[in-house]
Protein chains: 2
Amino acid sequence: VLSENALVRLFQQRFSGKSAQLKLGIGDDAAVIHPRNADEYWVITTDMLLEDVDFRSGWLSPSELGHKSLAVNLSDVAAMGARPRFYTVSIAIPDRLSKNWVNRFYRGMNIIGDAHGAVLIGGDLSRSPAGLQITICVIGETSGKRVVLRSGGKAGHGVFVTGVLGRSAAGLELLFNGRIHGRTAREREALRAHKMPEPRCDVGLWLAKEGFASSMIDLSDGLSMDLHRLCRASGTGARLQMKSIPVFQAPWISDPPGSALKGGEDFELLFTVPPKRIGPLLRRYPAGFPSLSAIGYLTGNEGITVAQEDGGEKPLLETGFDHFQRA
Amino acid sequence: VLSENALVRLFQQRFSGKSAQLKLGIGDDAAVIHPRNADEYWVITTDMLLEDVDFRSGWLSPSELGHKSLAVNLSDVAAMGARPRFYTVSIAIPDRLSKNWVNRFYRGMNIIGDAHGAVLIGGDLSRSPAGLQITICVIGETSGKRVVLRSGGKAGHGVFVTGVLGRSAAGLELLFNGRIHGRTAREREALRAHKMPEPRCDVGLWLAKEGFASSMIDLSDGLSMDLHRLCRASGTGARLQMKSIPVFQAPWISDPPGSALKGGEDFELLFTVPPKRIGPLLRRYPAGFPSLSAIGYLTGNEGITVAQEDGGEKPLLETGFDHFQRA
C-alpha cells in the first residue's frame, strides 16, 4: 500500500530541485518563492479533490463544493502566514452535470475567494469520463518576508490550536447516516464545518506579522497526523494535555476525544509559540478571532504523548485520514 | 453540449477579478502577475490531462506521460515569451499502478523540467477510483517586463509558425491503428511528436526578448482553433497561404493539409510580427531553432481565409480538438 507521507518523502528526496529564487520546495503546506527584488515572498500550494474519495456529490450543493474546494487551499496559504491573492481551477466535469451546475460551483468559489481577497486568474476544463475532479492552485503573498514554516518549532515552545476539533468529522458522521440537512443547531454547525470550512487566513497572517508563530500547519488530516508532520519537520516531539484539547461535543459522536484527535478537515491552525511570546500572544489575540487553546508543548525527545484526564499518558499514534490508506 | 471556448468566455465575464498586481487574468495562455517591486512579471498556467480523454495509458510509457504532461504546460509559458521556473503536480493514481510506475512518471517529468530550467516545488497525490488524472501548474518568469499576449496582433502583421504542423496528429493516427512503436523513421518522428512533444521555450523567450512577436499562442488544439483564438483576442481576421503552411507529410495520412490545419498537440508557436520587424526576424532567427514559416497576415476584417494552391479561397472553420465536443 502506498502511503502519502512516504511518497511525498520519496519525491522530496529524488526530484526536488534548487533555484536561487526558491526559498522552500516540497514538504510544507506551500512552496515559497522570492521573485527577484520583490518586497514579499510568494507561496504556492495545490490540492486536488476527487469525487467519491474526497467528497460525495450528493452531500454537497455545487456552491458548497466550490466553497470547500477553494477553502482547503486557502487554508494551506493561511498556515504559511500568507495572504491569498490568486487561484487557478482545473475541473473535469462528468456529462451528468449541467452548465447551471458549473455556474453555481464557480459562484460558491467566487464568494469565498472574494471574502479572502483571492482572485480567479486561470484554469482548465475538461469532460470527465468518470467522476468530478477539481484541482486548485493558490498563490499567496507574505507580509514583508515573514513566512511561517512547519520546521521552526523548538523544544519548550507552546503548542496552540484555533477553534474546536472533531467538528468536521462529526458533520461527516451525520452525512454517513443520511442526514444531509441538520435538525438541531449542533447538527447544522457540524454539517457546515464539514461542507463549508472557514480557512483561518486572518489568524495565520496575523500570527506571522506579529511574529508569534515559530511553526505552523493547518489541520487537514487530523491533529494526530498533522502534529506528527510538524514535529518531524521541527525535529521535536510533543506532549499534549487531553483536557486542554478543544473537543467538539455532540450527542451523536461515539468518541468525541477520538474524533478531535483523529478527525480530518477541521482546517484549524496548529502552531507553536516560543515561551516568552506566549504572554503577549494571549493578551493581544483579537477578540473577533476563533477561540485559541494552549494544548501542550514541544519536547526534545521524539514521540508525541497525550496526558489523560485520569493521570495516565498515552502515545499519540500517527493515524488519521490518508488517501492511500484503505481498510 | 458545453463548448470549452464558450465556458471560458462565460467564466471570464462572470468570475474574473481585479487586483493591482494582476496584469492579465483569464483568457490567454497564462495569467500575468507583477509581484510588488519585482524586476520581472510572473506567468501562471495550468493544464489537466485525463486518461481516456487526453491520453491512453497503453500508448505512453510512464516517463513519456510525465514528459508530455509537463511539456503541454511549458508550451503555454513559452507562448507568453516567458521562462519556466517552477511547477506543481497533482496526480490521482489508480490502484493498478505501482510505486515504480509513479517513480518513472516523475522521472520523465524531471528530465524535461531540468532541460527547461523548471523545478518541482509541490503537488498533491491521491488514489483515483477511476483513471489516472494529472494536473500541472507552471510558473514562469518574463525577461524584464516583456510578455507577449494573444491580443497584440494588428492588421498587416505577418503570421508565423515554428516547425511542421499535423505531425502529432499523424502520430495519433498510428496509435489508433495499433502502431505503438514506429517501423520507419517517419513513423518514429510522428510518434515522438505525439508522445514527447518539445515545447518551444527557447524560441518564445527569444521572440519576446528581441521584441519580434506582437502576439503569440501555442498550437495545442490545432491551427484552425488557435488562430481563431489569437484573432479574436487581437480583434483581427487573417489570410493564410495554404502553400506556405508547413504540412507534415507521411504515406499513412489521408489528408495531410487537413491534419496540418486541424490536428492538435503540435505545440509549435503561432505568432505575429509587425511588417518592419519581419526582415530583422528572418535575418536574426537562430540557426539552431526549429524551422520558421511565414504563413499569412492579419486582416482588418473578421474571418480567416486560406488561399488554396489552385487559386481559390476557403474560409478556415473554427474546428479542431475540443474536450467538450463529442461526435
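Notes on the structure follow. (Residues numbered from 1 in each chain as written. Chains lettered and ligands numbered in written order. Predicted model: local features only at pLDDT ≥ 70, side-chain atom pairs only at ≥ 80, totals over all residues. Heavy atoms only, no water.)

Structural notes on the overall build of chain A
Applicable threshold: A run of DSSP states H or I qualifies as a helix once it reaches four residues; a run of E qualifies as a strand once it reaches two. Both are numbered from the N-terminal end. Think of it in three bands: with a 1.4 Å probe and only protein chains considered, a residue is buried below 20% of the maximum accessible area for its type, exposed above 50%, and partly exposed in between. For accessible areas, the Shrake-Rupley method is used with a probe of radius 1.4 Å. Any residue's cover is judged against the shown protein chains and nothing else. Lys and Arg are tallied as positive, Asp and Glu as negative. Neither His nor the chain termini are counted. By convention, the point assigned to a charge is CZ for Arg, NZ for Lys, CD for Glu and CG for Asp.
On a plain count of helices and strands, chain A comes out with 9 helices and 13 strands. Within the span of chain A, comprising 327 residues, buried residues form 62% of the whole. Put simply, chain A shows about 12500 Å² of open surface, and 49% of that area lies on carbon and sulfur atoms. When the 38 positive and 34 negative side-chain charges of chain A are each reduced to one mean point, those points stand 3 Å apart.

What about the interface of chain B and chain A?
Let me state the cut-off plainly: Contact between two residues is taken to exist if any of their heavy atoms lie within 4.5 Å; hydrogens are not considered. The term buried area means the drop in 1.4 Å probe accessible area that two parts suffer when joined, counted for both and summed. What counts as a salt bridge is simple: a side-chain nitrogen of Lys or Arg found within 4 Å of a carboxyl oxygen of Asp or Glu. Pairs of N or O atoms within 3.5 Å make up the polar contacts considered here, provided that, within protein, one atom can donate a hydrogen while the other can accept it, and that residues adjacent in sequence are counted only when both atoms are side-chain atoms.
Taken together, the contact between chain B and chain A spans 67 residues of the former and 67 residues of the latter. Interface area lost by chain B to chain A is led by F15, M48 and L125 of chain B, which between them contribute 12%. Viewed at the interface, chain A and chain B are joined by 4 salt bridges. In this structure, the salt-bridge partner of R36 of chain B is E40 of chain A, at a minimum N-O distance of 3.2 Å. Inspection of the region where chain B meets chain A yields 15 residue pairs in polar contact (both at pLDDT 80 or more). Those elements that provide at least two residues to the side of chain B that touches chain A are α1 (4–15), β2 (31–33), β3 (42–50), β4 (83–94), α3 (99–115), β5 (119–128) and β6 (133–141) of chain B. At 10 residues, β5 of chain B tops the list of elements feeding residues into the side of chain B that touches chain A.

A look at the side chain of H157 of chain A
Residue and element names in this part refer to chain A. Residue position: H157 is located in the loop between β6 (133–141) and β7 (158–162). Looking at H157, the relative accessible area reads 9%, which means it is buried. Apart from the residues within four sequence positions on either side, H157 is in contact with G152, S214, T272, V273, P274, P275, G296, Y297 and L298.

So, helix α4 (residues 167–176) of chain B
Residues lying three or four places apart along an α-helix face the same way, a consequence of the helix completing one turn every 3.6 residues. Residues and elements named next belong to chain B. The complete set of buried residues in α4 reads S168, A169, A170, G171, L174 and L175. The secondary structure elements touched by the buried residues of α4 are α5 (185–195). A positive phi of about 85° marks G178, the residue just after α4.

Here's the deal with empty space enclosed by the protein
Which entries qualify depends on this criterion: Grid points spaced at 1 Å over the protein atoms alone were grouped into cavities, where a 1.4 Å probe fits but cannot get out, and pockets, open sets with protein on both sides within 12 Å along at least five of seven lines, with lining residues defined by an atom within 4 Å of a point. Grid points are joined across faces, edges and corners, and a volume is the space filled by probe spheres set on the points. The nonpolar class holds Ala, Val, Leu, Ile, Met, Phe, Trp, Tyr, Cys and Pro. Asp, Glu, Lys and Arg form the charged class, and all remaining residues, Gly among them, are polar.
Evaluated as defined, the whole model comprises 3 cavities of 30 Å³ or more. As a volume, the largest cavity reaches approximately 70 Å³. Looking at the largest cavity, the residues that line it are I33, P35, W42, I44 and I139 of chain A together with I33, P35, W42, I44 and I139 of chain B. Elements with a contribution of two residues or more to the lining of the largest cavity: β3 (42–50) of chain A together with β3 of chain B. Taken together, the residues of the lining of the largest cavity sort by class into 10 nonpolar, no polar and no charged.

A word on the relation of the copies chain B and chain A
Each of the two copies of the chain can be brought onto the other by a rotation about an axis and a shift along it. The criterion, for reference: The superposition of copies rests on a least-squares fit of C-alpha positions from residues with pLDDT of 70 or more in both.
Expressed as a screw transformation, the operator carrying chain B onto chain A has a rotation angle of 180° and an axial translation of 0.0 Å, and the superposed copies differ by an RMSD of 0.0 Å. Such a turn and shift between the copies fits a two-fold axis. Minimal C-alpha distance to the rotation axis in chain B is attained by A38 of chain B, lying at 2.0 Å. When the interface residues of chain B are mapped onto chain A, 100% of them are again interface residues, pointing to one common binding face.

Let's talk about the sheet that holds strand β2 (residues 31–33) of chain A
The strands making up a sheet associate through hydrogen bonds between their backbones, and the pairing can be parallel or antiparallel. All names here are of chain A. Stated precisely, the cut-off is as follows: Following DSSP output, two strands are said to pair if at least two bridges run between them. Interaxial angles span 0 to 180 degrees and are taken between N-to-C directions of axes, which are lines fitted to C-alpha atoms, for helices over the stretch in contact.
What the 6 strands build is an open sheet, ordered β1-β2-β3-β6-β4-β5; its pairing is mixed. Strands with a single pairing partner mark the edges of an open sheet, and in this sheet they are β1 (22–24) and β5 (119–128). Strand-to-strand twist of the sheet, defined as the mean angle between neighbouring strand axes without regard to direction, takes the value 20°. Where β3 and β6 come together, 9 bridges link them in antiparallel fashion. Note on β6: the bridge partner recorded for T46 is C137.

With respect to the pattern of salt bridges
Residues and elements named next belong to chain A. On inspection of all chains with the given rule, the structure shows 34 salt bridges over all chains. The partner of E189 in a salt bridge is R186, and the shortest N-O contact between them spans 3.1 Å. Here the residue E189 and the residue R186 both occupy positions in helix α5 (residues 185–195), the gap between them amounting to 3 residues, near one helical turn. Judged by relative accessible area, E189 falls into the partly exposed class, the value being 27%. Residue class for R186 comes out partly exposed when judged on its relative accessible area of 35%.

A few points about α5 of chain A
Looking only at α5 of chain A, the buried set comprises E187, A190, L191, A193, H194 and K195 of chain A. At its buried positions, α5 of chain A is contacted by α2 (62–79) and α4 (167–176) of chain A.

Concerning unusual backbone geometry
Note: most peptide bonds trans; most residues except glycine with negative phi. Residues and elements named next belong to chain A. Backbone geometry at E265 places phi at a positive 65°, although glycine is not the residue there. For E265, the position within the fold is in the loop between α8 (256–262) and β10 (269–273). Residue E265 is classed as buried on the basis of its relative accessible area, which comes to 16%.

Side note on the environment of L292 of chain B
Residue and element names in this part refer to chain B. Following the sequence through the fold, L292 ends up in strand β11 (residues 292–299). Note on L292: relative accessible area 23%, which makes it partly exposed. In the structure, L292 is positioned 132 residues away from F160 in sequence and 6.9 Å away in space, judged by C-alpha atoms. Apart from the residues lying within four places of it in its own chain, the contact partners of L292 are F160, V161, F271, L281, L282 and Y285.

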